[in-house]
Amino acid sequence: MRVLVAEDQSAVRAGLVLILRSAPDIDVAGEAADGEEAVRLARELRPDLVLMDVQMPKLDGVSATRQVVAEGLADVLVLTTFDLDEYVFGALRAGAAGFLLKNTEAKDLIEAVRTVARGEGMIAPAVTRRLIAEFAAPRAARPAQGADPSVIDVLTRREREVLSCLGEGLSNAEIAGRLSMAEATVKTHVSRLLGKLELRSRVQAAVLAQELGI
């Protein structure tokens, strides 16, 4: 898989590149030092994945993520220093496939990239569940934009069950086990419900499930 690394700190970027290049199935297609360069290179190189820092000059990672995802250029895996950084919430809303902390171990970084490449956007489920809960909680006290319960009327019963599982931060394999179905079938349901709900990632679906309390 081809990965574009977007990180403004040269030492950190070099470290990320070194780690990724140690994996035989990962090719670092390019490096970007700011958000504008990240979007430009994503358009030019068409990588499978962009490893995106959220705090970068010229164009922040959230805005860059929004452009990359909106144009369908690549999946985006967000890097942040803080596990509940406000920037991360914005990046997930913008369609990021997941997020990682910068202090993630090398082997976990490589596995996270592979996980996203498989379509498993929920990175580190235990952390992601906390992230979703923290993000959704403040919105409960005010009118939720785009969280009208009627939005899921278009889903089948099975799709609603899968959506509920996504809200718990479950992986495809875990959903398959809970609902007694094949993992390939879970992937199909996830793809269909994302399309029906006009969502860009399973993380967005998970946030929606939390907001709706399903």
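Residues numbered from 1 in each chain as written. Predicted model: local features only at pLDDT ≥ 70, side-chain atom pairs only at ≥ 80, totals over all residues. Heavy atoms only, no water.

1. A closer look at the packing of helix 8 (residues 172-179) against helix 9 (residues 183-197)
Alright, step 1. In contact at an axis separation of 8 Å, helix 8 and helix 9 are set at 105° when each is read in the N-to-C sense. The angle between helix 8 and helix 9 places the two elements in the roughly perpendicular class. Within the contact between the two elements, helix 8 uses Asn172, Ala173, Ile175 and Ala176 and helix 9 uses Glu183, Val186, Lys187 and Val190.
Alright, step 2. Of the residues assigned to the contact of helix 8 with helix 9, the class counts are five nonpolar, one polar and two charged. (Axes fitted to C-alpha atoms, helices over the stretch in contact; angles between N-to-C directions. Helix = DSSP H or I, 4+ residues; strand = E, 2+ residues; numbered from the N terminus. Parallel < 35°, antiparallel > 145°, perpendicular 65-115°, else oblique. Contact = heavy atoms within 4.5 Å. Nonpolar A, V, L, I, M, F, W, Y, C, P; charged D, E, K, R; others polar.)

2. Structural notes on the nonpolar core
Alright, step 1. Grouped together as the largest cluster of nonpolar side chains are 25 residues, with contacts concentrated most on Ala6, Val50, Met52, Val68, Val76 and Val78.
Alright, step 2. Filtering out sequence-adjacent residues up to four positions away, Ala6 remains in contact with Ala32, Ala38, Val50, Leu51, Met52, Asp53 and Met56.
Alright, step 3. Counting residues in each nonpolar core, the second largest holds 20 residues, with Val162, Leu170, Met181 and Val190 among its members. (Core = buried A, V, L, I, M, F, W, Y, C linked by side-chain atoms within 4.5 Å. Buried < 20%, exposed > 50% of the residue type's maximum accessible area, 1.4 Å probe, protein only.)

3. Points about the pairing of strand 4 (residues 75-80)
Alright, step 1. In terms of burial, strand 4 is largely enclosed, as five of its six residues are buried.
Alright, step 2. Sheet topology note: the strand 3 (residues 49-53)/strand 4 ladder contains five bridges and is parallel. Opposite Val50, over in strand 4, you have Val76 as the bridge partner.
Alright, step 3. As for the winding sense of the linkage, the β-α-β connection from strand 3 through helix 3 (residues 61-70) to strand 4 is right-handed. (Pairing = 2+ DSSP bridges. Right-handed = clockwise from strand over helix to strand, strands pointing away.)

4. Concerning helix 9
Alright, step 1. The first and last C-alpha atoms of helix 9 sit 21 Å apart over 15 residues, in line with the 21 Å expected at 1.5 Å per residue.
Alright, step 2. If you check which residues of helix 9 are buried, you get Val186, His189, Val190, Leu193, Leu194 and Leu197. Looking straight down helix 9, one finds that the buried residues subtend no more than 130° of arc, so they occupy a single side. Turned more than 90 degrees from where helix 9 packs its buried face, Ala184, Ser191 and Arg192 sit exposed.
Alright, step 3. Contacts made by the buried residues of helix 9 are with helix 7 (157-167), helix 8 and helix 10 (202-212).
Alright, step 4. Looking one or two residues past helix 9, Glu198 carries a phi angle of roughly 55°, positive in sign. (Expected span 1.5 Å × (residues − 1). Arc of directions from axis to C-beta.)

5. Examining unusual backbone geometry
Alright, step 1. Residues other than glycine seldom take positive phi values, yet Arg46 does so here, at roughly 50°.
Alright, step 2. If you check the backbone angles, Ser180 has positive phi at about 55° while not being a glycine.
Alright, step 3. We classify Ser180 as exposed; its relative accessible area is 66%.

6. Digging into the side chain of Thr65
Alright, step 1. With respect to the helices and strands, the residue Thr65 is situated in helix 3.
Alright, step 2. Overall, Thr65 belongs to the buried group, its relative accessible area being 0%.
Alright, step 3. Among the polar contacts made by the side chain of Thr65, one reaches the main-chain carbonyl oxygen of Gly61 at a distance of 2.7 Å.
Alright, step 4. Not counting residues up to four positions away in its chain, the partners in contact with Thr65 are Met52, Val76, Val78, Ala91, Ala94 and Ala96. (Polar contact = N/O pair within 3.5 Å; in protein donor to acceptor, adjacent residues only side chain to side chain.)

7. Regarding the pattern of salt bridges
Alright, step 1. Here the structure, examined in full by the defined rule, presents 14 salt bridges.
Alright, step 2. We note a salt bridge from Asp34 to Lys58, for which the minimum N-O separation is 3.8 Å. With Asp34 in the loop between strand 2 (27-32) and helix 2 (35-45) and Lys58 in the loop between strand 3 and helix 3, this residue pair connects regions lying 24 residues apart in the sequence.
Alright, step 3. For Asp34, a relative accessible area of 9% puts it in the buried group. (Salt bridge = Lys/Arg side-chain N within 4 Å of Asp/Glu carboxyl O.)

8. Quick notes on the confidence of the model for the protein chain
Alright, step 1. When pLDDT is averaged along the protein chain, the result is 83, and 84% of the positions lie at 70 or above.
Alright, step 2. This stretch, residues 138-146, has a pLDDT under 50; its non-local contacts, to residues over four places away or in other chains, come to six contacts. (pLDDT = per-residue confidence, 0-100.)

9. Let's talk about the environment of Leu59
Alright, step 1. As for its placement among the helices and strands, Leu59 is situated in the loop between strand 3 and helix 3.
Alright, step 2. Taking the C-alpha atoms as reference points, Leu59 and Asp34, separated by 25 residues in sequence, lie 6.6 Å from one another.
Alright, step 3. Those residues in contact with Leu59 that lie beyond four places of it in its chain are Gly35, Glu36, Val39, Ala64 and Gln67.

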